[in-house]
Each structure stands twice: as structure tokens, then as C-alpha cells.
Amino acid sequence: MASFSERYGYVKPSNMIIREHIPIDIQNAICSCYDRLSGNFQKYCLYDFYYSLECYLWTHFLNNREAAFSDGKTYPIVATGIIEDKEIKWYKKLDVIDKTLAYLYSRSQISPMVIPIANSFVKDLNSEFERLHFAYRIVGRKIVEVSSEEEIKTIETAMENCRDNIKMHLSKALELYAKRPEPDAQNSIKESISAVEAYCREITGAKSLGTALNNLSKKGVVIPKVLKSAFEMLYGYTNDAKSGIRHALMDADGRYVPSAEEAYFMLVTCSAFVNYLRGKGGK
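Residues numbered from 1 in each chain as written. Predicted model: local features only at pLDDT ≥ 70, side-chain atom pairs only at ≥ 80, totals over all residues. Heavy atoms only, no water.

Draft legend 1. The packing of aromatic side chains, seen in detail. As enumerated under the stated definition, the model contains 13 aromatic pairs in all. With a centroid separation of 5.0 Å and an interplanar angle of 70°, the aromatic rings of Phe129 and Phe134 are classed as edge-to-face. By relative accessible area, Phe129 is classed as buried at 1%. Between Phe231 and Phe273 the ring centres are 3.7 Å apart and the planes differ by 20°, which places this aromatic pair in the stacked class. Of the two residues, Phe231 sits in helix α11 (residues 225-239) while Phe273 sits in helix α12 (residues 260-279), which places them 42 residues apart along the sequence. The same class applies to Phe231 as to Phe273, namely buried. Every member of this aromatic cluster is reached through a ring pair, and the members are Trp90, Tyr91, Phe129, Phe134 and Tyr136. (Phe/Tyr/Trp six-rings, centres within 6.5 Å; stacked < 30°, edge-to-face > 60°. Buried < 20%, exposed > 50% of the residue type's maximum accessible area, 1.4 Å probe, protein only. Helix = DSSP H or I, 4+ residues; strand = E, 2+ residues; numbered from the N terminus.)

Here it is, written out as C-alpha cells:
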């Protein structure tokens, strides 16, 4: 439902996604998520865990001396201090969330409660990001730029339900797309289409995606000719000598350089196609 200011024209409704900066409302929301994370560790009597997280960020993110972290009575508030620091770039603030997640999930052996607390933190952040129209979400324990929850679900479903080799391609595509401050769009696209190729080859036993697409029907996976042609064209796009996505490296001399938007399109599209093939009876 539209707010008063939106209904009466004081603020125009906007679907613009906030990206490449962190305004004060999103900054505050992230800090509140860290506050609740700390509270959850206290709730389950893991009093030292949040302290160890802050110490880890102090020594491994800020690269300060561990001996300077605490005087025995107090210690610096590292995570939210970084988020609130006006001198720190927006993408470095997202880096600290990445570091936090990596630390939380790597320490799950300490207590069975660490994983649900970490999952709650991720859910909390994603909820705030969605509420505030922030262009980023946490998918596969990494921060990526997205545009809808449906697209997130498409990527996650493909990663969760495929065999390891296909999952590895999609995971790498996601990692390359999530790279900050600049995504590696070229290689992300390569990994996305490689996931489709690996999946189709696994179904048919063919040696290339083009041949595999033609042989899907022989394995009981019947898809419309137009859809098959569309993916043949996408595969052709990734093999095009002018774009050089799967072959020659880009140069700065007028040849086309793929954008982050194209990498994201290919990641979602290839994930959706893998899910579609599974639904049609693929392995």
C-alpha cells in the first residue's frame, strides 16, 4: 500500500534500486542486523563468539595488531564502526559482511547454534535490503547484485539441485559476478553457459552444447524448437570472435566488452534453463 506522501504526491513512488552507495537508512539497517547478531549470541550463551568475530575483523580485515584489540576491559566495535565510517568505500563495507559470513560459517563446529544464528543474520540482512530497495542480496553466502527475489530463487534452485560439476560452474559464475569493486563479467558468462553445456552433455553424452541440444529429444527431453534455437543463439553469442567471451581476451580497442548486466542475465537465464530441463525430465 502506498504511503501518505506517495498517495498525495509529496514523494513519487520509485522502483529505482539503490546501488554502488550505501545511504544512511541502509547503513543503519545493516548496523541493526549486527546488533541483533550480537544479541543472538548472548541469547544462546555464546558470549565469546561475537568478541572473537570482532577480533577477527580487527586483525584480518583492518589488519591491526591483535595485541591492540583489547585492554582487558573493552574492545573496539569493529563491524558497525566500519559500516558507519564515512571514509570507507561502499564496497569495502559490503566486504566486511562477506568476511563476517565466511567467519561465521567456518566456525560452525564450535556450537550447533552457530549455523542457525548465521542463517538468521543472512535472512535479516536480505529482508532489510529488500525493504530498502538495495540492489544486493546474499545468495550462496556471497553478496551479489540482483533485481528480484524470483531471480534469486532461480539461481539457488539450480545450485541446490544439480550435480557437483554443474553446481561448480554456477557457483563460480556467481562468485565472478559478485566480485567487487568490479565484476568479472566475461568469465562469469563463460561459467554460466558452461553449466548449461555440462548439463546437456550429461543428459545426452554429446561432446558440445550444439549437438547436445539437438539430441535432447532422443533422451526424452522434448523442448520447443524456438527455445532450442534461442539457446543455440546464446551459445553462439558466447563463442563469437568479436565478443571473445569464451576465446580471445577483451582489448581496449573498440571490441565489445560484456557488462555486469549481461553477466547477471546469463546467470539467471542459464540457471532457469537448467531448472527447466530438470522439470522436463533431465537428470
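We are not done yet, so read on.
Draft legend 2. Expanded view of the state of the cysteines. All told, the structure shown has zero disulfides when counted by the stated rule. Of the cysteine sulfurs around Cys200, a residue in no disulfide, the closest is that of Cys270, at 9.8 Å. Overall, the relative accessible area of 0% leaves Cys200 in the buried class. (Disulfide = S-S within 2.5 Å.)

Draft legend 3. Just the pattern of salt bridges, in detail. Counted by the stated rule, this structure contains six salt bridges. Across the salt bridge formed by Asp95 and Lys92, the nearest N and O atoms sit 3.7 Å from each other. Here Asp95 pairs with Lys92, and both are found in helix α5 (residues 90-106), just three residues apart, close to one helical turn. One salt bridge in this structure joins Glu202 and Arg163, with 3.7 Å as the shortest N-O distance. Linking Glu202 in helix α9 (residues 185-204) with Arg163 in the loop between α7 (149-161) and α8 (164-178), this pair joins segments that are 39 residues apart in sequence. (Salt bridge = Lys/Arg side-chain N within 4 Å of Asp/Glu carboxyl O.)

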